[in-house]
Amino acid sequence: MKIGTPKEIFEGEARVAMTPDSALQLQKLGHECVVETGAGAKAGFADADYKAAGVEVVKTAAALWKAADIVAKVRVPDAAEMKRLREGQTLISFFSPVADEDKMKAAADKGATVIAMEMIPRISRAQKMDALSSMANIAGYRAVIEAGNNFGRFFTGQITAAGKVPPAKVLVVGAGVAGLAAIGTSTSLGAITYAFDVRPEVAEQVESMGAEFVYLDFEEEQQDGASTGGYASVSSPEFREAQLAKFRELAPEVDIVITTALIPNREAPELWTEDMVKSMKAGSVIVDLAAEKGGNCKLTVKDEKIVTDNGVTIIGYTDFPSRMATQSSSLYATNIRHLMTDLTPEKDGVVNHNMEDDVIRGATIAHAKEVTFPPPPPKVAAIAAAPKKEAPKELTAEEKRAAEIEAFKLQTRNQVGLLAIGGGLLLAVGLVAPASFMQHFIVFILSVFIGFQVIWNVAHSLHTPLMAVTNAISSIIILGALIQIGSSSLLITLLAALAVFMASINIFGGFLVTRRMLAMFQKS
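Residues numbered from 1 in each chain as written. Predicted model: local features only at pLDDT ≥ 70, side-chain atom pairs only at ≥ 80, totals over all residues. Heavy atoms only, no water.

Q: What am I meant to see in the overall build of the protein chain here?
A: Across its full length, the protein chain holds 16 helices and 17 strands. Buried positions account for 41% of the 524 residues belonging to the protein chain. For the protein chain, the share of sequence-separated contacts (at least 6 apart) that also reach a separation of at least 24 residues comes to 62%. (Helix = DSSP H or I, 4+ residues; strand = E, 2+ residues; numbered from the N terminus. Buried < 20%, exposed > 50% of the residue type's maximum accessible area, 1.4 Å probe, protein only. Contact = heavy atoms within 4.5 Å.)

Q: Looking at this model, I keep getting lost on the sheet that holds strand S11 (residues 212-213). Mind explaining?
A: Pairing between the strands of a sheet is mediated by backbone hydrogen bonds and can be parallel or antiparallel. In space, the seven strands of this open sheet follow the order S11-S10-S9-S12-S13-S15-S14, with mixed pairing throughout. Whereas interior strands pair on both sides, the edge strands pair on one side only; in this sheet they are S11 and strand S14 (305-307). As judged from the four bridges shared by strand S9 (residues 169-173) and strand S12 (residues 256-259), these two strands associate in the parallel manner. Bridge pairing in S12 links Val173 to Thr259. Sitting on the sheet, helix H6 (residues 131-150) is in contact with S12, strand S13 (285-288), S14 and strand S15 (313-315), with an inclination near 155 degrees to S13. (Pairing = 2+ DSSP bridges. Axes fitted to C-alpha atoms, helices over the stretch in contact; angles between N-to-C directions.)

Q: I would appreciate a short explanation of the packing of aromatic side chains in the present structure.
A: Both the distance between ring centres and the angle between the ring planes are used here to describe each pair of aromatic rings. Under the counting rule described, the total for this entry stands at six aromatic pairs. Ring geometry for Phe94 and Tyr332: centres 5.5 Å apart, planes at 20 degrees, overall stacked. Here the residue Phe94 occupies a position in the loop between strand S5 (90-93) and helix H5 (101-110), and Tyr332 occupies one in helix H11 (residues 325-343), the gap between them amounting to 238 residues. Accessibility expressed as a relative area gives 1% for Tyr332, which makes it buried. Ring pairing ties together the aromatic residues Phe196, Phe247 and Trp272, which thus form one cluster. Between the NZ or CZ atom of Arg75 and the centre of the ring of Phe10, over which it lies, the distance is 4.1 Å. For the cation-ring pair, Arg323 lies above Tyr317, with the distance from its terminal atom to the ring centre recorded as 3.9 Å. (Phe/Tyr/Trp six-rings, centres within 6.5 Å; stacked < 30°, edge-to-face > 60°. Lys NZ or Arg CZ within 6 Å of the ring centre and 35° of its normal.)

Q: So what exactly am I meant to see when it comes to H6 here?
A: An α-helical segment advances 3.6 residues per turn. Residues three or four places apart therefore align on the same side. Across its 20 residues, H6 extends 28 Å between first and last C-alpha, which sits within 8% of the 28 Å expected from 1.5 Å per residue. The opening residue of H6 is Asp130, an N-cap whose side-chain oxygen sits 3.3 Å from the backbone nitrogen of Leu132. (Expected span 1.5 Å × (residues − 1). Polar contact = N/O pair within 3.5 Å; in protein donor to acceptor, adjacent residues only side chain to side chain.)

Q: Sorry if this is basic, but what is going on with the environment of Glu346 here?
A: If you trace the backbone, Glu346 turns up in the loop between H11 and helix H12 (358-363). For Glu346 and Leu29, which are 317 residues apart along the polypeptide, the C-alpha to C-alpha distance reads 8.0 Å.

Q: Whenever I open this one, a nonpolar patch on the surface confuses me. Can you help?
A: Taken together, the side chains of Leu426, Ile442, Leu446, Phe449 and Ile450 define a hydrophobic patch exposed on the protein surface, amounting to about 460 Å² of accessible area. With four residues, the single largest contributor to the nonpolar patch is helix H14 (residues 435-456). Relative to the assigned elements, Leu446 resides in helix H14. (Patch = residues over 30% accessible without salt bridge, like charges linked within 9 Å, V, L, I, M, F, W, Y side chains within 5 Å. Areas by Shrake-Rupley, 256 points an atom, 1.4 Å probe, with all protein chains shown as cover. Salt bridge = Lys/Arg side-chain N within 4 Å of Asp/Glu carboxyl O.)

Q: Whenever I open this one, the side chain of Lys73 confuses me. Can you help?
A: Relative to the helices and strands, Lys73 is located in the loop between strand S4 (70-72) and helix H4 (79-84). We classify Lys73 as buried; its relative accessible area is 1%. If we ignore the near neighbours within four places in the chain, the residues touching Lys73 are Pro6, Glu8, Ala17, Trp65, Glu81, Leu91, Ile92, Ser93, Phe94 and Tyr332.

Q: Just to check I follow, could you spell out the nonpolar core for this structure?
A: Generally speaking, a soluble globular protein has its nonpolar side chains buried in company with each other. If you look at the biggest cluster of nonpolar residues, it comprises 39 residues, and the most contacted ones within it are Ile92, Met117, Tyr332, Ile336, Leu339 and Met340. Those elements that place two or more of their residues in this core are helix H1 (20-28), strand S2 (32-36), S4, H6, H11 and H12. Of all the elements, H11 adds the most residues to this core, at six residues. Every residue in contact with Leu339, bar those within four places of it in the chain, is listed here: Ile92, Ile115, Met117, Ile120 and Met129. (Core = buried A, V, L, I, M, F, W, Y, C linked by side-chain atoms within 4.5 Å.)

Q: Can you help me understand the confidence of the model for the protein chain in this one?
A: Low pLDDT means the predicted atomic positions in that stretch should not be read closely. Summarising the model, the protein chain shows a mean pLDDT of 87, and 89% of its residues fall at 70 or more. Of the regions scoring below 50 in pLDDT, residues 221-228 engages in twelve contacts with residues more than four places distant in sequence or in other chains. (pLDDT = per-residue confidence, 0-100.)

Q: I keep staring at the environment of Thr19 and nothing clicks. Help me out?
A: With respect to the secondary-structure elements, Thr19 resides in the loop between strand S1 (2-5) and H1. The buried category is assigned to Thr19, whose relative accessible area is 5%. Those residues in contact with Thr19 that lie beyond four places of it in its chain are Phe45, Tyr50, Ser329, Ser330 and Ala333.

Q: Could you clarify how one ought to interpret the pattern of salt bridges in this entry?
A: If the charged atoms of two oppositely charged side chains come close together, the side chains can form a pair. The tally for this structure, following the rule as stated, stands at 20 salt bridges. Across the pair Arg142 and Glu146 runs a salt bridge whose closest N-O atoms are separated by 3.1 Å. Of this pair, Arg142 and Glu146 both sit in helix H6, four residues apart, which is roughly one turn of that helix. For Glu146, a relative accessible area of 7% translates into the label buried. The shortest N-O distance in the salt bridge between Asp255 and Arg153 comes to 3.6 Å.

Q: I would appreciate a short explanation of the packing of H1 against H11 in the present structure.
A: In a packed pair of helices, the relevant descriptors are the angle between the two axes and the axis-to-axis distance. Two numbers describe how H1 lies on H11: the axes approach to 9 Å, and their chain directions differ by 5 degrees. With respect to H11, the element H1 is oriented roughly parallel. Where H1 approaches H11, its residues Ser22, Gln25 and Leu26 are matched on the opposing element by Ala333, Arg337 and Met340. Tallied by class, residues from the contact of H1 with H11 come to three nonpolar, two polar and one charged. (Parallel < 35°, antiparallel > 145°, perpendicular 65-115°, else oblique. Nonpolar A, V, L, I, M, F, W, Y, C, P; charged D, E, K, R; others polar.)

What follows is the structure, given as structure tokens:
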């Protein structure tokens, strides 16, 4: 089949759904590739690059829609593009099935198949096709870059001859894909980063990235993220009030706020109110990644940057991925290529639209002249629930005593068994070895046993456990070397002296390192 990618006609859109690299992979699946001339120009992919990858370049959008069996694009098709959609053709694109219900029905009436990329279910197997996550990752990164571009100071703190510059304080609201990307970028730039999310289970992930998780003094039974496809659930009014109170407390302290709270097919919740904006310092920046759905900030203006009366910059751009068109096109084209791999299981260029497959069924919103949205829940949960563990049974005093006796008997049996095996091996060696060897061998066994007991009983109060053990080993080496240093053999004397020298370095070095470690915790 032929897979075609037209030039995006949405104002300001620079992404493209097929790159020369993804085209090479699609051809390995048995498909032919075609693009409209200039389709990838804004993303840095020239027509010559496509031709070099074996892609046919056509002059007009009409010719492309007529030639392609599958059309892959980025933005929702407009009315003119919907007219070009024909029976038996497949459209792969972001589509917004809730907002564009009429277009979805029109596609179904025509007998076309529509796969909405934002409807890819959030299950493990579909992560490689999850275009929402790919674009959110870029949006989170770019949000920090845009904030830095509008912020009048360094992110990292600096001490210079001209004075001290404090580090910027960044608050990221929402620790989903975009939020985590923003947290990683912010901390890497040296800012003091705070993060909040209604799902307390993400706190460990936030803290592992070097940010501080903002906790609320509020207890509420949270909805499991798995039941909403991995997204945060809608909170109670009481929780929301506690959340807003915390944000009001933080507003005067933070320099940059990045809001990312958004659930697909819902209006964005208002999290940063007008009074919070008024309490922020002049020069502060708010980047609202939910601007497309109304914004998390009360004062956000979609697709615009405004400055409030108190000097706070509010950025409501909705095209963050498009501002990094080369990177976002590569990721989006890879998502589509992975989807086509599932649609072409035999790699023979023939599409098998298997509606029993969780991923294909979940993303398909129109097929076989029927509207197939909303999809049924996937057979595999988005996030596997952890099995519940039964509470351990309380034992009575008699049962505890019986268990202790049984454990002691088992330990005794094991020790007797080991002694019997050791004695048997020693007897076997004694039957064949000379008497002089056995004397040395028995001394060696006893030395190993005593050395083991001595080493593992050394306290490591002022050492790390490893340093304590190595120093104990070195001490035993010195004792043995001192005994042998008076030997009549020159070779033994040299080896003993060398052992004393090397072990001494280890011991004194250990104490020196310990001294320096302790000095780190002393006030100057």
